[in-house]
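Architecture and fold: a report
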Amino acid sequence: MAKPIIIGNWKMNGLSEEADHIVSALLAYAEKNKNFAPTVICPPFTQLYHIQKHIKNTPYALGAQDCHVAEKGAYTGNISAAMLKDVGAKYVILGHSERRAEYKESNELVSQKTIAAQNSGLLPVVCIGETKEERESNQYKDVIANQIKGSLPEQFNGLVAYEPVWAIGTGASAKNEDIAEVISFIREKLVAQYGENGKKTPILYGGSVKPNNVKDIFAISELGGVLVGGVSLIPEDFLQLVTIAQDFV
Ligand SMILES: O=C(CO)COP(=O)(O)O
């Protein structure tokens, strides 16, 4: 396996001053450490262009947090995958549980966005994961199976992020055995859906990942990396994750 990938999802955070502070710390790290684990930052749309100018030709890659299904047109307030590609993004997070909840994004819509992202040359990071109620009523495998079937298009070239909703932003990540169980379940489903290609899709975990739990999380079999929220805004902590990822191959 390759080194785990670390993707920082800033969510709706990062005014200019904060963004500059984080990016300066990342750049200082990259000056001292060459060839570290793949690291992606996904700031809000408003910072993409500015940040790309700073991280160009560094080991960091840029990602966005959503895109529209259409390439362009009369969609006031929206951003297309082509626009993200145009400002230098390589990745786009799609179907995050916060969007699924707030905007009622369906699996079908997430699948269409995934196709749009792929058509524009972006790597989609498709988020799936069950709610607390779905876990407690033991429905989580059905929910995850449905999300995989419905949110991933017929041809899929991207990453899958397992983010149990109940572990996001709570400070308490899921237990390692629970993560491990779901990661191998997702792998089974991907292989059933895509054959050989399904073996290659990186599967990430997200939900209260921190410097003090990431080592155990990286050790989970088949885990391709982590999707990090809160800690991605604290450069010292985020960079600790990057350093710890170095030890894994
Ligand atoms: O939602 C997440 C990343 O997309 C996880 O957020 P936290 O790391 O803050 O729990």
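Residues numbered from 1 in each chain as written. Predicted model: local features only at pLDDT ≥ 70, side-chain atom pairs only at ≥ 80, totals over all residues. Heavy atoms only, no water.

Here is the rule: UniProt positions are given in the numbering used here, feature names are shortened, and annotations may be inferred rather than shown by experiment.
Under an unreviewed UniProt entry, the protein has the name Triosephosphate isomerase and belongs to Commensalibacter nepenthis. In its Subcellular location (unreviewed entry) section, the UniProt record describing the protein reads: "Cytoplasm".

Details of the side chain of Gln65
Note the threshold: Only DSSP runs of H or I reaching four residues or more are called helices, and only runs of E reaching two or more are called strands; each is numbered from the N terminus. Here a polar contact means two N or O atoms within 3.5 Å. Within protein one must be a hydrogen donor candidate and the other an acceptor candidate, and residues neighboring in sequence count only if both atoms are side-chain atoms. We call two residues in contact when some of their heavy atoms are within 4.5 Å.
Mapped onto the elements of the fold, Gln65 is located in the loop between strand 3 (60–64) and helix 3 (81–86). Of the polar contacts made by the side chain of Gln65, one reaches the backbone oxygen of Pro43; its length is 3.3 Å. Sequence-distant contacts of Gln65, defined by excluding residues within four places in its chain, comprise Asn9, Trp10, Lys11, Met12, Cys42, Pro43, Pro44, Val92, Ile93 and Arg99.

Examining the UniProt feature "binding site: substrate" (unreviewed entry) in the protein
As a reminder of what qualifies: Residue exposure (1.4 Å probe, protein chains only): buried if accessible area is under 20% of the type maximum, exposed if over 50%, otherwise partly exposed.
Mapped onto the present numbering, the UniProt feature "binding site: substrate" (unreviewed entry) falls on Asn9, Trp10, Lys11, Gly169, Ser208, Gly229 and Gly230. Annotated residues spanning 222 residues; largest pairwise C-alpha distance 13.9 Å, indicating a single compact cluster. Counting through the fold element by element, Gly169 comes out in the loop between strand 6 (159–162) and helix 8 (176–194). Overall, Gly169 belongs to the exposed group, its relative accessible area being 76%. Locating Gly230 in the fold gives a position in the loop between strand 8 (223–228) and helix 11 (235–245). The exposed category is assigned to Gly230, whose relative accessible area is 53%.

Some details on the UniProt feature "active site" (unreviewed entry) in the protein
The positions that UniProt labels "active site" (unreviewed entry) are, in the present scheme, His96 and Glu163. With the annotated positions falling across 68 residues, the maximum pairwise C-alpha distance of 8.4 Å places them together in a single cluster. Mapping His96 onto the fold places it in the loop between strand 4 (91–94) and helix 4 (97–102). Overall, His96 belongs to the buried group, its relative accessible area being 5%. Here His96 is in contact with Asn9, Lys11, Cys127, Glu163 and Ile168, once residues within four sequence places are set aside. Summarising the element assignment, Glu163 is placed in the loop between strand 6 and helix 8. Given a relative accessible area of 6%, Glu163 falls into the buried group. Beyond its immediate sequence surroundings of up to four residues, Glu163 is in contact with His96, Cys127, Ile128, Gly129, Ile168, Gly206, Gly207 and Leu227. At 3.0 Å, the side chain of Glu163 forms a polar contact with the side chain of His96.

Considerations on the nonpolar core
Proteins that are soluble and globular tend to have nonpolar side chains buried together. Put simply, the test is: In these notes, a set of buried Ala, Val, Leu, Ile, Met, Phe, Trp, Tyr and Cys residues joined through side-chain atoms within 4.5 Å is what counts as a nonpolar core.
If you look at the biggest cluster of nonpolar residues, it comprises 64 residues, and the most contacted ones within it are Ile6, Ile144, Ile186, Tyr205, Phe218, Leu223 and Val226. It is helix 8 that provides the largest number of residues to this core, a total of seven residues.

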